[in-house]
Amino acid sequence: MKKQNRIIMGIAALLLAGVFVFPIWSIKLDAPQYPEGIGLNIRVNTIEGKSPQDLQNINGLNHYIGMQEIHPDSIPELKIMPPVFAAFIITGLVIALWGKRRWVAVWLALFVLLALVGLADFWLWEYDYGHNLDPDAAIKVPGMTYQPPLIGTKQLLNMRTTSMPHIGFFLAMCSMGLAALAWWRER
Amino acid sequence: MNAHILHTLRYLPLAALVLILGACSSQELGSDADAAQQVYVAPGEYDEFYGFMSGGYSGQLSVYGIPSGRHIYTVPVFSQLATNGYGYNEETKAMLETSYGFVPWGDAHHPELSQTDGVPDGRYIFINENNTPRVAKIDLNSFQTTEIIEIPNSGGNHASPFVTQNTEYISAATRFSVPMGDDGERDVAIDSYAENFQGTLSFIKMQDDGSMRLDFQILVPGFDYDLSHAGKGPSHGWSFFTSYNSEQAHTLLEVNASRNDKDYIAAVNWAKAAEYAAQGEGEMVPADYVRNYIDSDHIAKTERYNEVRVLDPTELPGMIYYLPTPKSPHGVDVSPDGELIVAGGKLSTVIPVHSFSKMIEAIENEDYEGEEQGIPVLRYDATLAGEVQNPGLGPLHTEFDGRGNAYTTAFISSEVVKWSLETFEVLDRIDTYYSPGHLMIPGGDSRKPWGKYLVALNKITKDRYLPTGPELFHSAQLIDISGDKMRLLLDFPTEGEPHYAQAIPADLIMDDDMVRFYPLEDNQNPHAITSEDQARVERDGNEVHVYMTTIRTHFAPDNIEGIKMGDTVYFHVTNLEQDWDVPHGFTVRGANTSELLIMPGETRTLVWTPDRVGVAPFYCTDFCSALHQEMQGYIRVSPAGSDVPISFGTGE
């Protein structure tokens, strides 16, 4: 591979480090009684409130409808993701140094696969939280489930729930794009 | 019948006069749509100013939005408040401790904002109590009373608390002179007033950590001391105190203290006095007093002191000079430039205005007309800057707009009078309804008044609101002073007696430091628990400690058994919420104090001594959620000597 394309591949790998700095996904809840807003940021290794106390408050709200409490410590994905991303950064850098075009394609393919699996897993996670409700919940609305949207906005009882990718996700997309660019230019 | 008509006819001319006057005054009621617009703060919008009004005999501090006049909060200070358990629960009871024991009531008079460089800075507000002489400090990031210091050797703390330019000192003077010293010295005949009674001026020093210490007291002649203000700018380093009863009467003061043509303003060089104190001058005299404070663990503590430094101006010269002032001066107010000292001679037909620079010159020239009990009395004409003629009857208090104008309340003639600080001519006057005491302009006693509004604090309400029997709220009247003519915009009822008030632009307080909830991890209360799995009940002899949590919408534990007659039960309740404006309440049937109101992240303790066997319910008193009514529990009380073991739980 040419030096320039190897640099691009290197940048693609390094950009992924951004997911350790910025949240990947964000869920925002709007309701009249939360004029200041309340929400969650999903990071590579944890889920945290947009304000420090938001997670606790969301758990508190969700208990009315029997939703499980969100405990980041008990979510296995959040343990697996950091080493997986670290592996992608390291292998990406190795590929950039080594300079084999084919391995850029392999790296990219695996990365796209990871992203798809990740989104599917996230949807399943949301499905579980939205459907697997405590039968003893105080509020039961017949036929109602509480699965937040994967992307976009949905009204869930009094909560307007908006789910959107965050900076970490966009950095990952840029990383993919750069890797594809390096592969394409090397034709 | 005829006699009745005749009787009525006699008053006809008077009735006609009333009608004419009534017609005139109705034009000045200020209730036009334009005025309404000026005070209208739309739903969801904020007022321009925080207004802090004392509660007078309620002992509290009321917070109002200005210009809307909306009552937005009450800070409990010197009196118990059942609304939030202040002074009832174990965490705050010590705030009302004094050398006289637990005092659940006091009257609050003069709120005073802390200042930096002579301008209110929004850190603290201080307020005095008259009856059991005390000064309180309220933190304005939480609107909680965090410190109260008692003033010894004082017989009524009225001329208090007035801050110096950078809040170096907070001064307090005794309203009533009293005999001082040990039992033998205090047990004297009242008619030996002139020989045995003395006054004190106290100076509380603000420590670097924001706490208050009584630094020194200055011994003064046995008059009555009424009000005060500190100098600023050129007069920084000085404080001015009005006195009445220079006659030293001790009975029927209405007559006997109104004989002298002039009483005195005491000009006090506090900087000099502080120097004396720092050098160890004066005498440490025995005095019992306490200081109560709340720090990071949110539990009030009491510190006891047993002596105070007293400086005697007859031995330590240069601290005090008397400015003769007609007649029974009440308020004393210093102009924003620090040069003019305005006295409200409440029985005087003029407003006397002293000049600070002329006063200094007179002191340098020893331009004395005599001395009073060892204190030099300056010549009236030597210090006088001017007199405001025809200022209304009973002038009391003056504040300033920062544009060269002064505004004085006239109590007897029920009006506010605007006059020029340059020409001393009356420029405008406006009726008030009725009998105004203090008046307030935001920052109007500082170097930088925000001179847009004036609030007159009226003693009598009569016909202003729907009648509520013989007892009526007082009235505050908001007046627009931005133009040449004063304009009445609004009046609104106030709780207790809004004796004096202060106000500050909202954005100087409403900042990021404002406390919205207390982070649980910072809770240092020794009885705090931070999660439900730590909830428990422990027996210690005949004391039972319940460590309880609250969250929307249950208590943990909510079933408790094993209490026996003769036990004392301590409910230590921690509110696990971490959300703004979600306090939880707690009370139990037969509680003899008050509910608890526990802020998010805070711990409060209620002591309960069950007096009968049975199962008592407890519940949350603050409507907190959709399932608020379900937020309840039971505690079982068994006969003394029964063998029911301690047990507890939630949701088995």
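Because the structure is predicted, anything quoted here is derived from the model rather than measured.

Asker: Just checking my understanding: could you explain the overall build of chain B for this structure?
Answerer: A tally of helices and strands in chain B yields 9 helices and 46 strands. Taken over C-alpha atoms, the radius of gyration comes to 28 Å for chain B, in line with the 26 Å a tight globule of 652 residues would show. Across its three principal directions, the C-alpha atoms of chain B cover 85 × 70 × 60 Å. The buried share of chain B, taken over its 652 residues, is 58%. Looking at chain B as shown, the accessible area adds up to about 26,700 Å², and 51% of this sits on carbon and sulfur atoms.

Asker: Please clarify how the overall build of chain A should be interpreted in this entry.
Answerer: From N to C terminus, chain A includes 5 helices and 5 strands. The N-to-C order of helical and strand elements in chain A reads α-β-β-β-α-α-α-β-β-α. By its C-alpha atoms, chain A is 65 × 30 × 25 Å across when sized along the principal axes. Burial status across chain A gives 43% buried among its 187 residues. Carbon and sulfur atoms make up 68% of the accessible area of chain A, which amounts to about 10,000 Å² in all.

Asker: How should the packing of aromatic side chains be read in this particular structure?
Answerer: The geometry of an aromatic ring pair comes down to the distance between the two centres and the angle between the two planes. Residues and elements named next belong to chain B. In total, this model carries 38 aromatic pairs over all chains according to the counting rule given. A centroid spacing of 5.6 Å and a plane angle of 45° characterise the contact between Tyr50 and Phe143, whose relative ring orientation is tilted. On the criterion of sequence distance, the pair formed by Tyr50 in strand S1 (residues 49-54) and Phe143 in the loop between strand S8 (134-139) and strand S9 (144-150) is long-range, its members being 93 residues apart. For Tyr50, a relative accessible area of 11% gives the class buried.

Asker: Even after reading the chapter, I still don't get helix H3 (residues 77-98) of chain A, so can you show me in this structure?
Answerer: Counting along an α-helix, one turn takes 3.6 residues, and residues three or four places apart therefore face a common direction. All names here are of chain A. Spanning 22 residues, H3 covers 31 Å between terminal C-alpha atoms, matching the ideal 32 Å at 1.5 Å per step. The set of residues buried in H3 consists of Leu78, Pro82, Phe85, Phe88, Ile89, Gly92, Ile95 and Ala96. For H3, the angular spread of the buried residues around the axis is 165°, confining them to a single face. Away from the buried face of H3 by more than 90 degrees, exposed residues Lys79, Ile90 and Leu97 are located. Of the surrounding elements, those touching the buried residues of H3 are helix H1 (3-15), strand S3 (47-49) and helix H4 (101-131). One or two residues past the end of H3 sits Gly99, with phi positive at roughly 85°.

Asker: What is the right way to read the side chain of Arg604(B) from this model?
Answerer: Residues and elements named next belong to chain B. Mapped onto the fold, Arg604 is located in strand S43 (residues 603-608). Judged by its relative accessible area of 8%, Arg604 falls in the buried class. If we ignore the near neighbours within four places in the chain, the residues touching Arg604 are Asn89, Glu91, Thr92, His298, Phe571, His572, Val573, Leu596, Leu597 and Ile598.

Asker: It is not clear to me how the interface of chain B and chain A should be interpreted in this structure. Could you clarify?
Answerer: By convention, interface size is frequently given as the accessible area that disappears when the constituent parts associate. Between chain B and chain A, the contact holds 12 residues from the first and 8 residues from the second. For the chain B and chain A pair, buried surface summed over both sides reaches about 810 Å², with 46% attributable to carbon and sulfur atoms. At the boundary of chain B with chain A, the tally comes to 0 salt bridges. Our enumeration of links across chain B and chain A arrives at 6 residue pairs in polar contact (both at pLDDT 80 or more).

Asker: Teacher, can you tell me more about the state of the cysteines here?
Answerer: All names here are of chain B. Considering all chains together, one arrives at 0 disulfides over all chains under this definition. Free of any disulfide, Cys624 has its nearest cysteine sulfur in Cys620, 4.0 Å distant. For Cys624, a relative accessible area of 14% corresponds to the buried category.

Asker: Looking at this structure, I do not really get the environment of Trp419(B). What am I missing?
Answerer: All names here are of chain B. Counting through the fold element by element, Trp419 comes out in strand S29 (residues 415-420). When the C-alpha atoms of Trp419 and Gly222 are compared, they prove to be 34 Å apart, with 197 residues separating the residues in sequence. Within the local environment of Trp419, its side chain forms a polar contact with the side chain of Thr408, the two groups lying 2.7 Å apart.

Asker: When you look at the packing of H3(A) against H4(A) in this model, what are you seeing that I'm missing?
Answerer: Helices that pack against each other are described as a pair by the angle of their axes relative to one another and the distance between those axes. All names here are of chain A. The contact between H3 and H4 brings their axes to 10 Å, and the two run at 165°. As summarised for this structure, H3 and H4 are arranged roughly antiparallel, according to the angle between their axes. Pair H3 / H4 crosses with left-handed handedness. Listed contacts from H4 to Glu77, Val84, Phe85, Phe88, Thr91, Gly92, Ile95 and Trp98 of H3 are Trp103, Val104, Trp107, Leu110, Phe111, Leu114 and Asp121. Each residue belonging to the contact of H3 with H4 can be placed in one class, and the counts come to 11 nonpolar, 2 polar and 2 charged.

Asker: For this particular structure, what's the right way to read the sheet that holds S29(B)?
Answerer: One key point about sheets: their strands pair by backbone hydrogen bonds, in either a parallel or an antiparallel sense. All names here are of chain B. Strand order in the open sheet made by the 4 strands is S27-S28-S29-S30, with antiparallel pairing throughout. Each of the sheet's edge strands pairs with one partner strand only, and the pair in question is strand S27 (395-400) and strand S30 (426-431). On average, each strand axis in the sheet is inclined to that of its neighbour by 20°, with strand direction left out of account. In terms of strand pairing, strand S28 (residues 405-410) meets S29 through 6 bridges, oriented antiparallel. Each residue of the ladder has a partner; that of Ala410, found in S29, is Glu415.

Asker: How do you make sense of the sheet that holds strand S35 (residues 501-505) of chain B when you look at a structure like this?
Answerer: All names here are of chain B. Read across the sheet, 4 strands follow the order S3-S2-S1-S35 without closing on themselves; strand pairing throughout is antiparallel. At either end of the open sheet lies a strand with only one pairing partner, and these are strand S3 (71-76) and S35. Mean inter-strand twist for the sheet, computed between neighbouring axes without regard to direction, equals 20°. Two strands pair when backbone bridges link them, and strand S2 (residues 60-66) and S3 are joined in this way by 5 bridges, in the antiparallel orientation. Pairing of Gln60 across the sheet is with Pro76, part of S3.

Asker: What exactly am I supposed to notice about unusual backbone geometry here?
Answerer: Keep in mind that most residues, glycine aside, have a negative phi and that most peptide bonds are trans. Residues and elements named next belong to chain B. With an omega dihedral of 5°, the bond running from Arg552 to Thr553 counts as a cis peptide bond. For the bond from Ala556 to Pro557, the omega torsion is 0°, close enough to zero to count as cis. By the element assignment, Pro557 lies in the loop between strand S38 (554-556) and strand S39 (559-564). Phi is positive for Phe143, close to 55°, though the residue is something other than glycine.

Asker: Is there a simple way to explain the packing of H1(A) against helix H5 (residues 167-185) of chain A in this structure?
Answerer: Residues and elements named next belong to chain A. At a closest axis distance of 8 Å, the pairing of H1 and H5 adopts a crossing angle of 165°. For the element pair H1 / H5, the angle class is roughly antiparallel. The chirality of how H1 crosses H5 is left-handed. Contact residues: H1 offers Gln4, Asn5, Ile8, Met9, Ile11, Ala12, Ala13 and Leu15, while H5 offers Leu171, Cys174, Ser175, Leu178, Ala179, Leu181, Ala182 and Arg185. Here the contact of H1 with H5 is composed, by residue class, of 12 nonpolar, 3 polar and 1 charged.

Asker: Looking at this structure, I do not really get the confidence of the model for chain B. What am I missing?
Answerer: Detailed reading of the predicted coordinates is not advisable wherever pLDDT is low. Residues and elements named next belong to chain B. Confidence along chain B averages 94 in pLDDT terms, with 95% of residues attaining 70 or more. Low pLDDT (under 50) marks residues 1-27, which in the prediction has 1 contact with non-local residues, meaning those over four places away or in another chain. Overall fold confidence (pTM) sits at 0.92, and the ipTM for the predicted complex is 0.87.

Asker: Teacher, can you tell me more about the side chain of His545(B) here?
Answerer: Residue and element names in this part refer to chain B. By secondary structure assignment, the location of His545 is in strand S37 (residues 543-551). Side-chain polar atoms of His545 contact the side chain of His572, separated by 2.8 Å. Residue contacts for His545: discarding those within four places in its chain leaves Arg536, Val537, Glu538, Tyr570 and His572.

Asker: What am I meant to see in a nonpolar patch on the surface here?
Answerer: Residues and elements named next belong to chain A. Residues Ile90, Val94, Trp98, Trp103, Val106, Leu110, Leu113 and Val117 make up a contiguous nonpolar surface patch of about 770 Å² in total accessible area. Listing elements by their share of the nonpolar patch, those giving two or more residues are H3 and H4. Residue contributions to the nonpolar patch peak at 5 residues, all from H4. By the secondary structure assignment, Val117 is in helix H4.

About the criteria used
- Residues numbered from 1 in each chain as written.
- Chains lettered and ligands numbered in written order.
- Predicted model: local features only at pLDDT ≥ 70, side-chain atom pairs only at ≥ 80, totals over all residues.
- Heavy atoms only, no water.
- Helix = DSSP H or I, 4+ residues; strand = E, 2+ residues; numbered from the N terminus.
- Rg over C-alpha atoms; globule rule 2.2 N^0.38 Å.
- Buried < 20%, exposed > 50% of the residue type's maximum accessible area, 1.4 Å probe, protein only.
- Areas by Shrake-Rupley, 256 points an atom, 1.4 Å probe, with all protein chains shown as cover.
- Phe/Tyr/Trp six-rings, centres within 6.5 Å; stacked < 30°, edge-to-face > 60°.
- Expected span 1.5 Å × (residues − 1).
- Arc of directions from axis to C-beta.
- Contact = heavy atoms within 4.5 Å.
- Buried area = accessible area lost by both parts, 1.4 Å probe.
- Salt bridge = Lys/Arg side-chain N within 4 Å of Asp/Glu carboxyl O.
- Polar contact = N/O pair within 3.5 Å; in protein donor to acceptor, adjacent residues only side chain to side chain.
- Disulfide = S-S within 2.5 Å.
- Axes fitted to C-alpha atoms, helices over the stretch in contact; angles between N-to-C directions.
- Parallel < 35°, antiparallel > 145°, perpendicular 65-115°, else oblique.
- Left-handed = near helix turned anticlockwise from the far one by under 90°.
- Nonpolar A, V, L, I, M, F, W, Y, C, P; charged D, E, K, R; others polar.
- Pairing = 2+ DSSP bridges.
- pLDDT = per-residue confidence, 0-100.
- Patch = residues over 30% accessible without salt bridge, like charges linked within 9 Å, V, L, I, M, F, W, Y side chains within 5 Å.

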